[in-house]
Amino acid sequence: MSQLRAAAGRGLRRSGGRAAPPAGQSRKSASSRRGAPAPAPAPPPAQHLFSDPAEIEALRGNLLAWYDKCKRDLPWRTVAAAEPDADRRAYAVWVSEIMLQQTQVATVIDYYNRWMQKWPTLQALAQASLEVSITGTGCSPCPCGSSSNTAPCLLEQEVNELWAGLGYYSRGKRLQEAARKVVSELAGRMPRTAEDLQKLLPGVGRYTAGAIASISYGQATGVVDGNVIRVLCRLRCIGADSSSPAIIDRLWDMANALVDRSRPGDFNQALMELGATVCVPKAPLCRECPVKQHCRARSRVEKELAFASRKLFGKPAPVPDVEDCGVGGCPLCPPATEPWDSSLGVTNFPRKAAKKQPRAVRTATCVLERRGCHGAPEYLIVQRPSSGLLAGLWEFPSLTLAQDLQEEKQREALADHLQAWTGQPVAARSLRLIGEVIHIFSHIHQTYVVYSLPLDGDVTLDPALSPSRWVTEEEFHASAVSTAMKKVLKAHEKQRGKESSPGKGSKRKRGAKMQGAGSTCPGTQLSLRAFLQAPTAP
């Protein structure tokens, strides 16, 4: 290794810091070709590669044996293993992979089961359209004269409704669009290769295409997701920024080289399962890892521990060679500014660029409430635009606020905004402040300043505005509303509960009033005087 470093140093010194020109080529001829394409980058050192065929075979065997024994029982795996029809099998895998993007397995399972129950095939999903899924506008006129049933029928997308709460709502929309394309343009037949899946289906990227093709069709192609990135970076001590395109390409090459040719789908799932259950981001279970003997990060930790142990007992030992690969400027090693941290062990890998801080957004939102046909409260919800954050979902009337806006000013701005929905002026002082609800999106720190406004009279909704409707609490929760809006309604109901419950000490006062002489209310605790008092004749 020291010879490699010396050789690299001699090459740099000869060229004044640049690589020397090839033998037989003058410096002049080299400079005259500056306009020519740059040569392909040299392959990374063996430290970062799987170059031994015997090691690759051993890793495959160890990983698959562990997967067969320890894999989790998940509904999409059951379908993939048992479904004989290739298109239905691919569809089931496709749905699961889209849902699992940026979402934990435990959260996805219920959504997946409900989705497959409602739309078990591509054809069923393609036929799902904008349909009325909640009793609401467009029905027969309400016997109580509710104006919400006199407006034209408002259509709601079933897909958004079922997806509500899963996050990243554009995923469901793109999944439906792709299903329609398969049915209408591809005769209902799913593309059979990763390349065609990625090329022909909207919303299907390189990872999803690889997962579908390997699991459903047995194509020997690798996959790279967050779990795979973590496993590969630790197996081969890859410390460069794992989110950079160049490193991602290297990891794809590695995944394609490793994938088992006879069981590609199981191998890819095993690699992801390993990252999800054993080789986790923090506190990995290295002792339980089926491929620990192939892990260069673990080997490095053990080498440092052995050196520290010998040093502790005063035994002479060579200084451990903890350089990553011995080649200066290696594109896969950690940058010099981020040296190996012995306290982190294998969790030194992978390394990512520092995340950008989410931008702070403040939004005023108002729970407009009225009494419905049967006396139950109803709430006005409006539909968001068809593109952008939370596209097509329903929410309480809301208004984005300027930063550092005083409460009086934000109340006035919201009152002006609400006038369009109520059809009449709204006094700012009539808005009741409920409090703040915080919801964290991946890139936004959202604060909702929640107000409420009870309405006494009837309100005619303007059809020229965004789609809107009145809903009961049950209908609200069945609608395509975000988790954030559910938090807002919960805050409103909590505040209403506080206002309707008796104040502190009022319970004792009521009890004292009921305990007067002659009181025989069952379940009432008598005062001492009433207890000792002689009973009165009936």
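Quick note: structure is the one above.
Residues numbered from 1 in each chain as written. Predicted model: local features only at pLDDT ≥ 70, side-chain atom pairs only at ≥ 80, totals over all residues. Heavy atoms only, no water.

### Observations concerning the pairing of strand β9 (residues 468-472)
Where a strand is regular, its side chains alternate between the two sheet faces. Under the convention used in this document: Buried residues are those whose accessible area, probed at 1.4 Å on protein chains only, stays under 20% of the maximum for their type, while exposed residues exceed 50% and partly exposed ones sit between those limits. Only DSSP runs of H or I with at least four residues qualify as helices, and only runs of E with at least two residues qualify as strands; both kinds are numbered from the N terminus onward. For two strands to be treated as a pair, DSSP must find no fewer than two bridges joining them.
Across the five residues that make up β9, a large majority, four, are buried. With five bridges joining them, strand β4 (residues 377-383) and β9 adopt antiparallel strand pairing. Note on β9: the bridge partner recorded for E378 is T472.

### Some words on the packing of aromatic side chains
Where we set the bar: Two rings from Phe, Tyr or Trp (for Trp, the six-membered ring) form a pair when their centres are within 6.5 Å of each other. A pair whose planes differ by under 30 degrees is stacked, one over 60 is edge-to-face, and the rest are tilted. Both a distance and an angle decide whether a charge sits over a ring: NZ of Lys or CZ of Arg must be within 6 Å of the ring centre and within 35 degrees of the ring normal.
As enumerated under the stated definition, the model contains six aromatic pairs in all. On the numbers, 5.2 Å between centres and 80° between planes, the contact of W76 with Y112 is edge-to-face. A residue pair is termed long-range when its members are at least 10 positions apart, and W76 in helix α4 (residues 75-82) and Y112 in helix α6 (residues 105-118) qualify at 36 residues. Judged by its relative accessible area of 7%, W76 falls in the buried class. Geometrically, the ring pair formed by Y379 and F396 is edge-to-face, given 6.4 Å between the ring centres and 80° between the ring planes. Within this pair, whereas Y379 is found in strand β4, its partner F396 is found in the loop between β5 (394-395) and β6 (398-401), the two being separated by 17 residues in sequence. Assigned by exposure class, Y379 and F396 land together as buried. By the ring-pair criterion, three or more aromatic residues cluster together here, those being W115, W119 and W163. The ring of F50 has R236 sitting right over it, with the charged end atom 3.8 Å from the ring centre.

### Examining the packing of helix α11 (residues 206-217) against helix α14 (residues 264-277)
This is how it is decided: Comment: axis = line fitted to C-alpha atoms, over the contacting stretch for helices; angle = value between 0 and 180 degrees taken between N-to-C directions. The labels follow the angle: roughly parallel below 35 degrees, roughly antiparallel above 145, roughly perpendicular from 65 to 115, and oblique for the rest. Note on convention: near helix rotated counterclockwise from far helix by under a right angle means a left-handed crossing. Clockwise means right-handed. Two residues qualify as a contact provided that any one of their heavy atoms is within 4.5 Å of a heavy atom in the partner residue. Under the scheme applied here, ten amino acids are nonpolar (Ala, Val, Leu, Ile, Met, Phe, Trp, Tyr, Cys and Pro), four are charged (Asp, Glu, Lys and Arg), and all others, including Gly, are polar.
The N-to-C vectors of α11 and α14 enclose an angle of 130°; their axes lie 7 Å apart at closest approach. It follows that α11 is oblique to α14 by the angle criterion. In this structure, the crossing between α11 and α14 has a hand that is left-handed. Residue-level inspection shows Y207, S214 and I215 of α11 in contact with α14, the latter providing P264, G265, N268, Q269 and M272. Its residues assigned to classes, the contact of α11 with α14 shows four nonpolar, four polar and no charged.

Such coordinate-based values are descriptive only and should not be taken to indicate function.
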